Amino acid sequence: MPFFSQHFHASPGGRVWRSLWCLGLLLLRVGQAQLNNETSPTSQFRSRPDLHAPIIDFQVLKPELVQPGYIFLAPYRNVDPGPYIYDNYGNLVWSGAGSSGPKTAHAPRVCTYQGSDHLCYFQGEQHQGFARGHGVIMDQNYRIVKTVESSGAGASSDMHEYKMTPYSNGTTVLMTVYQPRQYDLTTNPRFNVYHGMGWIVEGVFQEVEIDTGKVVFEWRSLDHVDPGLSWTLPGTTDTSGDGLHEQSPWDYFHLNSIDKSIDGDYLISARHVSAIYKLSGKDGSIMWQMGGNAPTINTTNFLFAYQHHARWQSENETHSVISFYDNGSNTFNTTNEFSHGWIIEIDHTTGQATMVKEFSAPEPEGGLLSGSQGNMQVLPNGGAHIGWGEHSYFSEHLPDGECVQYGIVAQRPSNVMIYRSNKYNWTAQPLTKPALWTYSWMGDNMVSFVSWNGATEVRTWNFYTGNSSNGPWTYAGNASKSGFETEYHSPAYAEWSYAEAFDGDGRALETSVISRTFQPSESLAQYCHERGCDKSEKAEGDDHMEYETEFEVNPKYLSPNRGFNTSHYFADSVIDANSSVLTPEYHGEGHGTPSTSSDSSDADGNSEHHSRLSGISPIGLIVGGILLGFGVTIFGFFLYTHGAFRSFEPLADKVSKNAFGSNIFGKYSRIEEKEMDGFESGSSSSPGTGNRHA
């Protein structure tokens, strides 16, 4: 008996009421969305006030049992939607919000492209239940090196699947396409569409060559699955569409995942027919179907519906093992009390499928029901990482199902959602500079806030201070990296400073912007404290001053008088290319001593190397250089006018033309050209050795 007959009624009056009810529920959800710091808490960083990353609230966290790696997710409808990376403790690692345009991102994950790790995610325009956009490939410096579009005669690619094709060696991707088409819906009276042409969404997927855009394989649902098999009829849910107009086509299939086997066949999941299919990679024919209205595989100890994210785990001639996320509900109809992550074993000799492993949300009620979205990723240890879809939560489980990590990105009333989340190892060093903000309340001490968005290998920070934006600079101390933004307190005040990042082996990675220490004015200081100032208020009533009011601002508070050097906003590394590597040692909050093999440090923690630089006057260096250059020029001109260089011309000409001179000069000019080409083309070596902490 078709499943939909248990839930849907075909009377026109009932259909009208269902449509109104769906619309009312959608408007109610929008109206009830409470996006605030209670339902969707958001970070504020002093060094990067442009970033507003969600704060993760862990309900369960057992660090000693959690797998190493980073958490990749892309919340939307939050303050700053976009791709994000967090560590296992909920510290922000990278915010990609706004890095690639004002579009929605989905399902960031690590992918292999051209033999190295890259970051892949979908980016596009979000619609109700689908999206239009393209795939993005970023390198380990967070540069977009490739965008991938669907090809052929149809719509742009959709959010539901964009992934490197397994066993393609990173040469092709799998992409979903939601293609609206005119369709005669009057042939089946249960659709309740008559007196004209109907509209339908066909579920399409493509395998596309990344570098050429060529379509390797395309599959279309209408050629294999009739709309009469759908569990979601026109106008019955908030994502179904009513089929009456090109702007509201009926989404009868809702393709939401694609995978490919080593034999070249495909595994797909379709939510609105509540079925998982194995498709022939040769002609697209259905090889078997589990779930839905025409299954060829019978389920034994489980029932699923409205599922997402079907993935092959293993397969041979007689058995298949797959994983998927069972929603058990589409909000309007329910088949299970809770949603789950499942691993299923299919015995093709008997045509039966058995659930062999289950992962559930650790909620007091016994689980969580998610009416849309969601995914399950099997981890290397046999456990699972699960994204809970319309609930912007994620969890990690041991192979026996025990939950060892359960994080909430936003509460359900906020209406913030995450389509999929994942976990991977990742090593990256951005091309951007570390950000630094320094502050002193009374001018007797100071606090620094430093961060480097996306850097995975930073372990310590060195801090340097000076009396001018041009230096000279004195070593002030160091601190171990702490979370996304490291806070460093110094007992002494300095007007200018910068920071330098080091990895775990003591290698210098990058220097920050040069920061002038912010010291509040007399009118502001009363509203400040040791770490910053209170939020301001709008002047009202008698405190309000008209624009025409004459008032002279103290010149020292005029922004052009702050003393920045426009040609030198960023600090140069204090490590000379020919010197040994500086190895910072952490001595608590505010006092550290760097050590090198050639330079010792004095009792105050100031390196002799920096002291020698500090003792030379910049003006003296400039004047001495000018005088020396002038003297050399006059002496050389004197020798030239008296013919002193003529005897060397034959020798120079001979050297430049013989094999030795040609090889030497040619070799070095080729090296210079190669290095420039490499820089322009974006080639780079791996900036680190991988994720070395949980």
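Everything numeric in this text was worked out from a predicted model, so none of it was measured.

The next subject is the nonpolar core. Residues Phe 205, Phe 253, Ile 268 and Tyr 277 are the most contacted members of the largest nonpolar core, which totals 22 residues. Listed by contribution, the elements that provide at least two residues to this core are β11 (198-209), β12 (215-220), β14 (255-260), β15 (266-270) and β16 (275-279).

This next bit is on the sheet that holds strand β4 (residues 92-95). For sheets, the rule is that strands pair by backbone hydrogen bonds, running either parallel or antiparallel. One open sheet holds the four strands; their spatial order is β4-β3-β2-β27, and the pairing between them is antiparallel. If you trace the sheet from one side to the other, it starts and ends with β4 and β27 (417-424), each paired once. The sheet shows a mean angle of 20 degrees between the axes of neighbouring strands, direction not considered. In this sheet, β4 lies alongside strand β3 (residues 84-86) in antiparallel orientation, the contact comprising three bridges. Its bridge partner being in β4, Ile 85 is matched across the sheet by Trp 94.

Another point: the environment of Ala 492. With respect to the helices and strands, Ala 492 occurs in the loop between β32 (485-490) and β33 (496-502). Between the alpha carbons of Ala 492 and Met 446 there is a distance of 6.6 Å; along the sequence they are 46 residues apart. Sequence-distant contacts of Ala 492, defined by excluding residues within four places in its chain, comprise Asp 444, Asn 445 and Met 446.

We now examine the sheet that holds strand β20 (residues 319-326). Taken in spatial order, the five strands line up as β18-β22-β21-β20-β19 in an open sheet, and their pairing is mixed. Here the strands that pair on one side only, and so sit at the sheet edges, are β18 (298-299) and β19 (308-315).

Topologically, Ser 323 is positioned in strand β20. With relative accessibility at 0%, the residue Ser 323 sits in the buried group. Within the structure, Ser 323 has its side chain in polar contact with the side chain of Gln 313 (distance 2.9 Å). Setting aside anything within four residues of it in sequence, one finds Ser 323 in contact with His 309, Ala 310, Arg 311, Gln 313, Trp 342, Ile 343, Met 376 and Val 378.

Pairing of strand β23 (residues 375-378) with strand β24 (residues 384-387) involves four bridges; the strand directions are antiparallel. Of the residues in β24, the one forming a bridge with Gln 377 is His 385. In this antiparallel pair of consecutive strands, β23 and β24, the connection spans five residues, and Gly 382 shows a positive phi of 90 degrees.

What follows covers the environment of Gln 411. As for its placement among the helices and strands, Gln 411 is situated in the loop between β26 (403-408) and β27. The exposure class of Gln 411 is partly exposed, given its relative accessible area of 31%. It is 9.8 Å that separates the C-alpha atoms of Gln 411 and Asp 57, two residues lying 354 residues apart in sequence. What Gln 411 contacts, discounting residues up to four positions off in sequence, is Glu 38, Thr 39 and Tyr 393.

In this section: the side chain of Ser 43. Position of Ser 43 among the secondary structure elements: in the loop between α1 (12-32) and β1 (57-61). Owing to a relative accessible area of 14%, Ser 43 belongs among the buried residues under this scheme. Those residues in contact with Ser 43 that lie beyond four places of it in its chain are Leu 51, His 52, Ala 53, Pro 54 and Ile 55.

This part takes up the state of the cysteines. Counted by the stated rule, this structure contains two disulfides. Put simply, Cys 111 and Cys 120 are joined by a disulfide, and their sulfur atoms are 2.0 Å apart. Linking Cys 111 and Cys 120, the disulfide has an S-S dihedral of approximately 70 degrees and is accordingly described as right-handed. Among the residues examined, Cys 120 registers a relative accessible area of 3% and is labelled buried. Note on cysteine connectivity: Cys 528 is disulfide-linked to Cys 533, with sulfurs 1.9 Å apart.

Taken as a whole, this structure holds 33 aromatic pairs when the rule is applied. Consider the rings of Tyr 142 and Trp 426, whose centres lie 6.2 Å apart with planes at 70 degrees: the pair is edge-to-face. Taken together, the positions of Tyr 142 in the loop between β7 (131-138) and β8 (144-148) and Trp 426 in the loop between β27 and β28 (435-439) put the pair 284 residues apart, joining distant regions of the chain. Accessibility classification places Tyr 142 together with Trp 426 in one group, the buried group.

It is worth spelling out the confidence of the model for the protein at this point. Confidence in the prediction for the protein averages 83 pLDDT; 77% of positions are at 70 or higher. Ignoring residues within four places in sequence, the model shows residues 1-32, a span with pLDDT below 50, making 39 contacts including any to other chains. Throughout residues 640-694 the model reports pLDDT below 50, and contacts reaching past four residues in sequence, or to other chains, amount to 43 contacts.

Looking now at unusual backbone geometry. Excluding glycine, a negative phi dihedral is what most residues carry, and trans is how most peptide bonds are arranged. Put simply, Gly 471 and Pro 472 share a cis peptide bond, and its omega is 0 degrees. One can find Pro 472 in the loop between β30 (460-466) and β31 (474-480). Phi is positive for Thr 331, close to 80 degrees, though the residue is something other than glycine. Relative to the assigned elements, Thr 331 resides in the loop between β20 and β21 (340-347).

With that settled, consider a nonpolar patch on the surface. Among the surface-exposed residues, Met 545, Phe 551, Val 553, Tyr 557 and Leu 558 lie close enough to one another that they form a single nonpolar patch of about 520 Å² accessible area. Note on placement: Phe 551 falls in the loop between β37 (532-533) and α3 (608-614). Assessed through its relative accessible area of 65%, Phe 551 is described here as exposed.

With that settled, the discussion passes to the pattern of salt bridges. In this structure the tally under the stated criterion is 18 salt bridges. Note that Glu 315 and Lys 278 form a salt bridge whose closest N and O atoms lie 3.0 Å from each other. With Glu 315 in strand β19 and Lys 278 in strand β16, the pair connects residues that are 37 residues apart, well separated along the chain. We classify Glu 315 as partly exposed; its relative accessible area is 28%. Each member of the salt-bridge network shares a partner with another, and the members are Glu 161, Arg 311 and Arg 420.

Once that is clear, we can look at the pairing of β27. Among the eight residues in β27, eight count as buried, and that is most of the element. Note that strand β2 (residues 70-76) and β27 share six bridges and pair antiparallel. By the bridge assignment for β27, Tyr 76 is matched with Met 417.

About the thresholds
- Residues numbered from 1 in each chain as written.
- Predicted model: local features only at pLDDT ≥ 70, side-chain atom pairs only at ≥ 80, totals over all residues.
- Heavy atoms only, no water.
- Core = buried A, V, L, I, M, F, W, Y, C linked by side-chain atoms within 4.5 Å.
- Buried < 20%, exposed > 50% of the residue type's maximum accessible area, 1.4 Å probe, protein only.
- Helix = DSSP H or I, 4+ residues; strand = E, 2+ residues; numbered from the N terminus.
- Pairing = 2+ DSSP bridges.
- Axes fitted to C-alpha atoms, helices over the stretch in contact; angles between N-to-C directions.
- Contact = heavy atoms within 4.5 Å.
- Polar contact = N/O pair within 3.5 Å; in protein donor to acceptor, adjacent residues only side chain to side chain.
- Disulfide = S-S within 2.5 Å.
- Phe/Tyr/Trp six-rings, centres within 6.5 Å; stacked < 30°, edge-to-face > 60°.
- pLDDT = per-residue confidence, 0-100.
- Patch = residues over 30% accessible without salt bridge, like charges linked within 9 Å, V, L, I, M, F, W, Y side chains within 5 Å.
- Areas by Shrake-Rupley, 256 points an atom, 1.4 Å probe, with all protein chains shown as cover.
- Salt bridge = Lys/Arg side-chain N within 4 Å of Asp/Glu carboxyl O.

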